Each structure stands twice: as C-alpha cells, then as structure tokens.
Amino acid sequence: MEKKKILLITTGGTIASKNSGDGLAPEMGSKQLLDYMEALPEHYDIDVEDLMSLDSSNIQAEEWQTIARAVAAGLDDHDGIVITHGTDTMAYTASMLCYMLRDLDKPVVITGSQVPIDNMLTDARDNLYTAFAAAGSGINGVSIAFNRKIIRGCRAVKVRTMGFEAFESVNAGLLGEVYGDGLRKYVQDRRPNGIFELKDSLSTDVFLLKLIPSTKPEIFDTLRRMNYRGIVIEAFGLGGMHFIRRNLLDALERLTSEGVSVVVVSQCLYDASDLRFYEVGTKLLSCGVISGRDMTTEAAVTKLMWALGQTDDPKRIRKIFETDLAGEIAADAL
Ligand code: ASP
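Since the model is a prediction, treat every value here as computed from it, not as a measurement.

(A) Focus on the site of the ligand. Lining the immediate environment of the ligand, one finds Gly 13, Thr 14, Asp 55, Ser 56, Gly 86, Thr 87, Asp 88, Ser 113 and Gln 114. Asp 88 is positioned with one of its side-chain polar atoms (N or O) 2.8 Å from a nitrogen atom of the ligand. Separating an oxygen atom of the ligand from a backbone N or O atom of Ser 113 is a distance of 3.1 Å. Considered on its own, the ligand offers 270 Å² of accessible surface; in the complex 90% of this is hidden by protein. Its residues assigned to classes, the shell around the ligand comprises no nonpolar, seven polar and two charged.

In structure tokens:
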C-alpha cells in the first residue's frame, strides 16, 4: 500500500521543551521530535515545517493566522497534516482553525504532550503516533489527538494541568480512539459543503467575562470605552445573570443597542445554556444577547473573534452564531 503523505508542522509546547534553567521552554524542532518516533517513516511519507517555537501561552491571533496559512499552503500536497502545539491554549487554536479553514476535506490533527518527548515517562510518543494515525485515517476537519483519543477541535477543553487525560470532548462524542485493534473511527466524515477556503480575518476586540454573584454592571461600560466589539459572558447555569440591586441587564442593553455583540454561554462545562427556561434568561434575550447554546467557552470566544473578522454587522454576527460551522453546535441545540 502506498504510504500516506503527512506534513508535520511544529509550533513549540512542552512536547518540544527542554529545561532551560528558567523552567521548561520549547527548543526542539521536527528533526529532534522525529528522532524519537522511529516507527513513523515506515508508515508515512513525512514532510516537515518548523513554523515557530513558542510556549502556547504566547500563541495569539497572529500565530493562529500563521498556522492557518501554513496548513492551507500544505493541504494540496498532503493527505493530512499534524501540528505539534503546547497544550495550554491548544483548544483555542483548534477551535479557531475549525472556523478559519472553511470546508476542510482533509484531516488536520493537533497534538502535544504533558511531558517533553525526551523524558522517559513522556506521553509525547503515544500522542504523536495517534495524531499520525488520525491524519492518515481521513477523519476530516480539525481535531486534537491526545491520550489515544481524537476530539473535534471545536469541542475540546483542557481539563487537567498535569494528568494525561488532559482534554475532554465537551457535549460531543469522540471522533475516534485507539484500541487494541487500532484506530477506531466513531464518525462518518463530515462532508464539506463547498470548496476549501482559507478565511483568516479575525478581530482581537473580544472580551471574556466570567460572572460572579455581585459583578458590577459598570464593567460593561468600561469594556465599551475600551472599544471591545464582542463580549462572551460565562453566565450562571442555563444562562442567568442578576438584575436586582446590580442590574446587569440594563448595562447589557446599552451595549447591544450600540452594536456590540454579546454571546452568553454557561459556567457549567457540560450541557447547553438555554435562555428561555428561567425569567433571568428570558429577560436577557430581550436585551439583544446571543445564546451560545452548547458551545464551549473556547469555541464561542474564537467564533466571535472570527465572526467579527468577517463582518461589522451585528445581524450577520447573530446569523453566524445561529449556524453550525464545524460541529461546534449540536443539531438539537439549534
Ligand atoms: N506551557 C506548555 C504550553 O502550552 C504546556 C504544554 O504544552 O503542555 O506550551
């Protein structure tokens, strides 16, 4: 059988880190990573691109664009792409790539590790082997391979700082999993609706606010003065926020009437927000906010950044949030 052609793009992270005396810092490129992966060349024809060498805390909007462009440039010549990346912001990068790489018809699999690849107890080798298996398996779209599981990019959340089960697939099943009999695929490939397109414009004028009981409404006026164009609010439970004594609703209405897009998600990790259930939620809806439904916070924040890069029109932003672009919203939450 002909070997699958895979492009390995490296960006840094613990997987490529060594102890710098100042703590772990990324140092290794693709050549050093592949030195630890002796079984790979037997199965895959591998090209490499060392794109950046960053702790993922330093990966921001500009790096997302650089990564998305490198993926777009490599797609035609490869069956799949593997990206190594730090775990800390991996879920944000994975979500953003889901939106930027429209109608992706090949696998783009992101992986990393909790322990550097040169450590005897590393999880890096397992994760990289799993990522290559996923990239060669035709699980189309952006995913994260970690701890032998394949998670859709816009459903992944980092839930552990140290444990090897570092990522969970929130409100959606796994795309695949490595078992004794190999990689099991749990989904039919998502068939793209159109031809692949790179849409990498985005806005960094997005703020995430986690409510606490007694949050002051004035915070929203401050955000407005700072020219934020989009705000994601992690509200309570199904999507509530207080309106007695400290009336957050009035402040929010001022914002939305001035054209700021406000998306409400839940502080709960699992299940959807539903603003129609309680009075505190329905009052919110009449303030012009957008429901984040069952999206993760990471998926909602990156979607708002991406949507504001496509349009200035709040009505179009709302429409984008009423559409499932890459599996970030379940059909029954729409
Ligand atoms: N601080 C590292 C990073 O995100 C953590 C990791 O890769 O696991 O780059």
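(B) Quick look at the sheet that holds strand 17 (residues 261–266). Read across the open sheet, the four strands follow the order 15-16-17-18; overall the sheet is parallel. Sheet topology places strand 15 (206–210) and strand 18 (290–291) at the edges, where each strand pairs with a single neighbour. Bridge count for strand 15 against strand 16 (residues 230–235) is five bridges, and the pairing is parallel. Looking at the pairing, Val 206 lines up with Gly 230 of strand 16.

(C) Fine view of the nonpolar core. By size, the foremost hydrophobic cluster in this structure holds 55 residues, and its most contacted members are Val 71, Ile 83, Val 142 and Phe 167. In this view, Phe 167 contacts Thr 87, Met 90, Ala 91, Ile 144, Phe 146, Ile 151, Ala 156, Val 157, Lys 158 and Val 159; residues no more than four positions away in its chain are not counted.

What counts, and where the lines are drawn
Residues numbered from 1 in each chain as written. Predicted model: local features only at pLDDT ≥ 70, side-chain atom pairs only at ≥ 80, totals over all residues. Heavy atoms only, no water. Near = heavy atom within 4 Å. Polar contact = N/O pair within 3.5 Å; in protein donor to acceptor, adjacent residues only side chain to side chain. Areas by Shrake-Rupley, 256 points an atom, 1.4 Å probe, with all protein chains shown as cover. Nonpolar A, V, L, I, M, F, W, Y, C, P; charged D, E, K, R; others polar. Pairing = 2+ DSSP bridges. Helix = DSSP H or I, 4+ residues; strand = E, 2+ residues; numbered from the N terminus. Core = buried A, V, L, I, M, F, W, Y, C linked by side-chain atoms within 4.5 Å. Buried < 20%, exposed > 50% of the residue type's maximum accessible area, 1.4 Å probe, protein only. Contact = heavy atoms within 4.5 Å.

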